[in-house]
Amino acid sequence: MDNYFIDFPQTGQLAIEKTFFSSYYPILFTCRSDSGALYLCVCCLADEGVKKWLLSETKSEIIIEMLTDKITLREAFLKGGKGKYTVCCNQDGQYSICASSSAWHAEDSTLLPTAGEYIEADENEFVEEITFYQAMLIHSDSCVA
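Quantities reported herein were computed from a predicted structural model and do not represent experimental measurements.

Draft legend 1. Quick look at the packing of aromatic side chains. Tallied over the entire structure, the rule returns seven aromatic pairs. Arranged with centres 5.4 Å apart and planes meeting at 80°, the rings of F5 and W53 form a pair that is edge-to-face. In this pair, F5 is assigned in strand β1 (residues 4-8) and W53 in strand β5 (residues 50-58), connecting sequence segments 48 residues apart. Under the relative-accessibility criterion, F5 is labelled buried at 11%. For W53, a relative accessible area of 4% translates into the label buried. Ring centres of F20 and F126 lie 5.8 Å apart, and the angle between their planes is 85°; on these two criteria the pair is classed as edge-to-face.

Written out as structure tokens, the structure is:
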């Protein structure tokens, strides 16, 4: 799988699909599992000892709403499906799914994107990504009979 990210029994093998913001590593991005599930991901903590990502199972519609500022970043993470995971990477490079239910509390999580923040894209900044996810909608609609 190209752009391999992680592999857990809960998610299957995940590959990075689209990166919206990055630095030395992807910050805000989507992953697709080997079974086709879509996840919205954010690096919410990066220091010398640990890195953490939040992964929320999602749909193309939610990604498009986020990229067009119809919903906030926080709403995009909370609006998705039941699959919500906190992935930790320790200083030895070992990945695990952490027990971190407080990360997903809508009102007081310090790991979710800040309440009220939109992606605030420049005009045409995410045209390619929006077109990609719109095509995914059309494809998924045409597969349902």
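Draft legend 2. The arrangement of the environment of S96 in detail. As for its placement among the helices and strands, S96 is situated in strand β7 (residues 95-98). Filtering out sequence-adjacent residues up to four positions away, S96 remains in contact with F8, T86, V87 and C88.

Draft legend 3. Region of interest: the nonpolar core. In this structure, F20, L28, L40, L54, M66 and L67 are the most contacted members of the largest nonpolar core, which totals 25 residues. For this core, the secondary-structure elements that each account for two or more residues are β4 (38-46), α1 (60-67), α2 (73-79) and α3 (127-143). A per-element tally of this core places α1 first, with five residues. When neighbours within four sequence positions are excluded, M66 is seen to be in contact with F20, L40, I71, L73, A76 and I119. Counting residues in each nonpolar core, the second largest holds 16 residues, with I6, F29, A37 and C89 among its members.

Draft legend 4. Structural detail: the state of the cysteines. Inspection of every chain in the model, using the stated rule, returns one disulfide. Note on cysteine connectivity: C88 is disulfide-linked to C98, with sulfurs 1.5 Å apart. Taken together, the residues C88 in strand β6 (residues 84-90) and C98 in strand β7 connect sequence positions ten residues apart. For the pair formed by C88 and C98, the shared burial category is buried. With no disulfide partner, C43 has as its closest neighbouring cysteine sulfur the one in C44, 6.4 Å distant.

About the cut-offs
- Residues numbered from 1 in each chain as written.
- Predicted model: local features only at pLDDT ≥ 70, side-chain atom pairs only at ≥ 80, totals over all residues.
- Heavy atoms only, no water.
- Phe/Tyr/Trp six-rings, centres within 6.5 Å; stacked < 30°, edge-to-face > 60°.
- Helix = DSSP H or I, 4+ residues; strand = E, 2+ residues; numbered from the N terminus.
- Buried < 20%, exposed > 50% of the residue type's maximum accessible area, 1.4 Å probe, protein only.
- Contact = heavy atoms within 4.5 Å.
- Core = buried A, V, L, I, M, F, W, Y, C linked by side-chain atoms within 4.5 Å.
- Disulfide = S-S within 2.5 Å.

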